[in-house]
Each structure stands twice: as structure tokens, then as C-alpha cells.
Amino acid sequence: MTQNQNPFQIVFNTYENIAKCIHTKFSSFFPSSSSSTPSTSTTSVGNLMIAQPNVENFTKSNSARPVTKEELGRSTWTMLHTLAAQFPDRPTRQQKKDVKELMAILSRLYPCKECADHFKEVLSVNPVQAGSQAEFSQWLCHVHNIVNRSLGKLTFPCQRVDARWGKLDCKEHACDLEGDHKL
């Protein structure tokens, strides 16, 4: 990062790259129709275009409502498994430190206090393992299964984690993590 660069710009650029990769990966599942009204509009924030839902497209049956604890959990696990799939095979010290700090932050600030407290307990018994992409993905799968068991849910076979949460198909390394590359 250069001295004059906004520190949030790297985060915004990374978010934009990941969003483009996800859109590319899933666009084949959702055929586009030129006759339909778009459900989103875009807003510019610096160099970043952010999609926003068009309020007029909401109906009474599909109105805005607070997110449920289950939706929050699924979204969080999706983000974490995607992060683990994109994690470098040979992470820098800073990347290892950042992922450990991210887990600690989630255990303190997660919007569901009961979930955050449980995650803090899980982390105390299962410290973050982030020496490589494979190690981090397997650790996260193991931790996710601990949470699933506590909720009475089925567990996922961790030997299949790459098949379920493989790397995003991004051209020219557009989804690679950015940051301090010092070992």
C-alpha cells in the first residue's frame, strides 16, 4: 500500500473483485432476461460500483425484514468457507495473523451474542490453524461441524471440503488476497 492510498480502497477493490468472480461463477445458473425489470441499481463509491436493491420492486410478500439468526449463520459460514478456499497455500505471517484476528473479532462482535459466546468457547478449545489453505479449510470445516453438532444438525465430511468450497473461478488471479506479502 502506498503512503497516499486510502486503506479502505484495498478492501473495496478486493470486495469488488470477489463480487465479480461470484457473479461470473453463478451467472450461468440464472438466465438473464432483457424484458425484466432489474432488481438492483448501482451506486458509485469512489471507483467502486455497489449494487443496491430497488425498493419499488419489493412486494408485500417479499418485503424487507430483519435477517434471521439462521440466515446470518449461513451467510457467515459461506463467507468464511469462501475465504478459506481462497486462502494462500503459503500465507504470509500477516495473513495468518489476520485470519486469526478475524475469528477472534467474530467471537466478540458477531451480531448474535449467544452464537459469539459459543464460537469463543469453540476457539478456546480449537485454536485457528492457518498454516496453509488446506490446513485452514480443514480447520474451518472441523469448527463448523462442532457448531452444527451443537445445533443438532448434520455434519459435513471434511475430506470433501474442496469439492464444496473450492477456489472461485477467477481470471488472472482477480480473487487472490491482497496485502502484506512479506514472509
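Residues numbered from 1 in each chain as written. Predicted model: local features only at pLDDT ≥ 70, side-chain atom pairs only at ≥ 80, totals over all residues. Heavy atoms only, no water.

- Per an unreviewed UniProt entry, the protein chain is named Sulfhydryl oxidase, and its organism is Papaver somniferum.
- UniProt lists a comment for the protein chain under the heading Catalytic activity (unreviewed entry), and it reads "2 R'C(R)SH + O2 = R'C(R)S-S(R)CR' + H2O2". (UniProt positions renumbered as here; feature names shortened; annotations may be inferred.)

### Describing the nonpolar core
Next, step 1: Counting 23 residues, the largest nonpolar core has Trp 77, Val 99, Met 103, Phe 119, Val 128, Phe 136 and Trp 139 as its most contacted members.
Next, step 2: When contributions to this core are tallied by element, the ones reaching two or more residues are α2 (69–86), α3 (93–109), α4 (113–125) and α5 (133–150).
Next, step 3: Looking at which element gives the most residues to this core, the answer is α5, with six residues.
Next, step 4: Residue contacts for Val 128: discarding those within four places in its chain leaves Val 99, Lys 100, Met 103, Leu 123, Phe 136 and Trp 139. (Core = buried A, V, L, I, M, F, W, Y, C linked by side-chain atoms within 4.5 Å. Buried < 20%, exposed > 50% of the residue type's maximum accessible area, 1.4 Å probe, protein only. Helix = DSSP H or I, 4+ residues; strand = E, 2+ residues; numbered from the N terminus. Contact = heavy atoms within 4.5 Å.)

### Concerning the packing of aromatic side chains
Next, step 1: Considering all chains together, one arrives at three aromatic pairs under this definition.
Next, step 2: Ring centres of Trp 77 and Phe 119 lie 6.4 Å apart, and the angle between their planes is 80°; this geometry places the pair in the edge-to-face category. On the criterion of sequence distance, the pair formed by Trp 77 in helix α2 and Phe 119 in helix α4 is long-range, its members being 42 residues apart. Both residues of the pair, Trp 77 and Phe 119, count as buried.
Next, step 3: Here the guanidinium or amino end of Arg 164 rests over the ring plane of Trp 165, the centre of that ring lying 3.9 Å away. (Phe/Tyr/Trp six-rings, centres within 6.5 Å; stacked < 30°, edge-to-face > 60°. Lys NZ or Arg CZ within 6 Å of the ring centre and 35° of its normal.)

### Describing α5
Next, step 1: For α5, built from 18 residues, the straight-helix expectation of 26 Å at 1.5 Å per residue is met to within 8% by its first-to-last C-alpha distance of 26 Å.
Next, step 2: Along α5, the positions that sit buried rather than exposed are Gln 133, Phe 136, Ser 137, Trp 139, Leu 140, Cys 141, Val 143, His 144, Asn 145, Ile 146, Val 147 and Asn 148.
Next, step 3: Elements that come into contact with the buried residues of α5 comprise α2, α3, α4 and α6 (161–165).
Next, step 4: Looking one or two residues past α5, Gly 152 carries a phi angle of roughly 75°, positive in sign. (Expected span 1.5 Å × (residues − 1).)

### Examining the side chain of Ser 132
Next, step 1: Looking at where Ser 132 falls in the secondary structure, it is placed in the loop between α4 and α5.
Next, step 2: In terms of polar contacts, Ser 132 uses its side chain to reach the backbone amide nitrogen of Glu 135, at 3.1 Å.
Next, step 3: The contacts of Ser 132, once residues within four sequence positions are left out, are Phe 87, Pro 88, Asp 89 and Pro 91. (Polar contact = N/O pair within 3.5 Å; in protein donor to acceptor, adjacent residues only side chain to side chain.)

### Description of the pattern of salt bridges
Next, step 1: The final tally for this structure, using the stated rule, is four salt bridges.
Next, step 2: The salt bridge partner of Lys 69 is Glu 114, with a shortest N-O separation of 3.2 Å. Here Lys 69, found in helix α2, pairs with Glu 114, found in helix α4; they are 45 residues apart in sequence, far enough to count as distant.
Next, step 3: Given the relative accessible area of 41%, Lys 69 is considered partly exposed.
Next, step 4: Close ionic contact of Lys 113 with Asp 117 constitutes a salt bridge, the shortest N to O distance being 2.9 Å. With Lys 113 and Asp 117 both in helix α4 and four residues apart, the pair spans about one turn of that helix.
Next, step 5: A relative accessible area of 59% means that Lys 113 is categorised as exposed.
Next, step 6: Asp 117 sits in the partly exposed class, given a relative accessible area of 31%. (Salt bridge = Lys/Arg side-chain N within 4 Å of Asp/Glu carboxyl O.)

### Comments concerning the layout of surface pockets
Rolled over the atoms, a probe with the dimensions of a water molecule shows which regions are left empty.
Next, step 1: If you add up the space inside the second largest pocket, you get close to 730 Å³.
Next, step 2: Around the second largest pocket sit 27 residues that line it, and Gly 73, Trp 77, Val 147, Asn 148 and Leu 151 are the ones nearest its centre.
Next, step 3: Where the lining of the second largest pocket is concerned, the elements lending two or more residues are α2, α4, α5 and α6.
Next, step 4: No other element matches the nine residues that α2 contributes to the lining of the second largest pocket.
Next, step 5: Among the residues forming the lining of the second largest pocket, the class breakdown is twelve nonpolar, nine polar and six charged. (1 Å grid on protein atoms, 1.4 Å probe; cavity = no way out; pocket = protein on both sides within 12 Å on 5 of 7 lines; lining within 4 Å. Points joined across faces, edges and corners; volume = space filled by probe spheres on them. Nonpolar A, V, L, I, M, F, W, Y, C, P; charged D, E, K, R; others polar.)

### Looking at the environment of Arg 164
Next, step 1: Tracing the backbone through its elements, the reader meets Arg 164 in helix α6.
Next, step 2: Relative accessible area serves as the criterion here: at 47%, Arg 164 is assigned to the partly exposed category.

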